[in-house]
Amino acid sequence: MHRRYSIAAAAVTLLGLTATTAQAANPQPGSAADQAADYVKSRPSKLHASSSDAFHQHGVISTKDGLQYVPYDRSYKGLPVLGGDFVVVTKADGQVAATTVAQDETINVSTTPSITEAQAAQTATSKLAGTVDGVESTDLVVDAT
């Protein structure tokens with residue numbers, strides 16, 4: 001299972017928040033999604049962003065007291081980044097209040113696989129205890145954990 005929404009899921013679980021996807025798809029001027037997008041476009045150092053990173057916004061999670069959490073996933077050179085997710089928190093007035101980032105460093109790695117797909121499947125199969133009937137996928141990802 002991918003760690004997508006790992007930070008946002010914790011916020012939803014702990015605070016009993018509600019999510020709305022419409023804001024991420026169609027942000028209103030001045031909305032949390034819009035403010036978060038502007039903040040992310042500025043590429044603050046806290047995001048540990050390289051020029052090869054792209055960010056994918058998800059639905060806004062709102063609290064009763066007006067805080068809004070805007071979760072993001074990251075990709076690097078087009079590949080999903082495990083552990084690259086982050087959340088931008090905005091106040092009721094839309095101003096950015098905080099950012100929580102799972103990643104500690106800027107990514108700077110080769111995305112050329114060092115082994116073949118068949119070798120990856122064989123290694124995964126050999127590491128698992130018991131019987132493996134088959135390998136469904138050998139997706140290439142960047143692991144920032």
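So, here is what we can say about the structure in this document. None of the values given here were measured: they were computed from a predicted structure.

### Regarding the overall build of the protein chain
Inference 1: For the protein chain, the count of helices and strands is four helices and eight strands.
Inference 2: The linear arrangement of helices and strands in the protein chain, starting from the amino end, is α-β-α-α-β-β-β-β-β-β-α-β.
Inference 3: Buried residues in the protein chain amount to 32% of all 145 residues.
Inference 4: In the protein chain, once contacts between residues fewer than 6 apart in sequence are set aside, the share between residues at least 24 apart is 55%.
Inference 5: If you sum the accessible surface of the protein chain, you get close to 8,900 Å²; carbon and sulfur atoms cover 51% of it.

### Re the environment of Val87
Inference 1: Here Val87 lies in strand E6 (residues 86-90).
Inference 2: In this structure, the C-alpha to C-alpha distance between Val87 and Val70, residues 17 residues apart in sequence, is 5.4 Å.

### Examining the pattern of salt bridges
Inference 1: Going through the model one piece at a time under the given rule, you end up with one salt bridge.
Inference 2: Across the pair Asp53 and Arg74 runs a salt bridge, and its minimum N-O distance is 2.9 Å. One end of the pair, Asp53, is in strand E2 (residues 53-57); the other, Arg74, is in strand E4 (residues 68-76), with 21 residues separating them in the sequence.
Inference 3: According to the relative accessible area criterion, Arg74 is buried, its value standing at 2%.

### A word on the nonpolar core
Inference 1: One finds Val40, Val70, Tyr72, Phe86 and Val88 to be the most contacted residues of the largest nonpolar core, which totals 13 residues.
Inference 2: If you list the elements that add at least two residues to this core, you get helix H3 (32-41), E4 and E6.
Inference 3: Examining the composition of this core, we find that five residues originate from one element, H3, more than from any other.
Inference 4: Ignoring anything within four residues of it in the chain, the contact list for Val40 reads Leu47, Phe55, Tyr72, Phe86 and Val88.
Inference 5: Counting five residues, the second-largest nonpolar core is a separate cluster that includes Tyr76, Leu79, Val81 and Val142.

### Brief notes about the side chain of Ser75
Inference 1: Following the sequence through the fold, Ser75 ends up in strand E4.
Inference 2: One polar contact links Ser75 to His56, side chain to side chain, over a distance of 3.0 Å.
Inference 3: Once residues lying within four places of it in the same chain are set aside, the contact partners of Ser75 are Ser52, Asp53, Ala54, His56, Pro80 and Val81.

### Points about H3
Inference 1: Within the sequence span of H3, burial applies to Ala32, Ala33, Ala36, Tyr39 and Val40. On an axial view of H3, the arc spanned by its buried residues comes to 125°, and they lie on one face.
Inference 2: Remark: Arg43 follows H3 within two positions and exhibits a positive phi of approximately 50°.

### Some points on the pairing of strand E7 (residues 96-101)
Looking along a regular strand, one sees side chains alternate from face to face of the sheet.
Inference 1: Note that E6 and E7 share five bridges and pair antiparallel. Its bridge partner being in E7, Phe86 is matched across the sheet by Val101.
Inference 2: Taking the residues that link successive antiparallel strands as the turn, the E6-E7 hairpin has five residues, and the phi of Gly94 there is positive, at about 95°.

About the criteria used
- Residues numbered from 1 in each chain as written.
- Predicted model: local features only at pLDDT ≥ 70, side-chain atom pairs only at ≥ 80, totals over all residues.
- Heavy atoms only, no water.
- Helix = DSSP H or I, 4+ residues; strand = E, 2+ residues; numbered from the N terminus.
- Buried < 20%, exposed > 50% of the residue type's maximum accessible area, 1.4 Å probe, protein only.
- Contact = heavy atoms within 4.5 Å.
- Areas by Shrake-Rupley, 256 points an atom, 1.4 Å probe, with all protein chains shown as cover.
- Salt bridge = Lys/Arg side-chain N within 4 Å of Asp/Glu carboxyl O.
- Core = buried A, V, L, I, M, F, W, Y, C linked by side-chain atoms within 4.5 Å.
- Polar contact = N/O pair within 3.5 Å; in protein donor to acceptor, adjacent residues only side chain to side chain.
- Arc of directions from axis to C-beta.
- Pairing = 2+ DSSP bridges.

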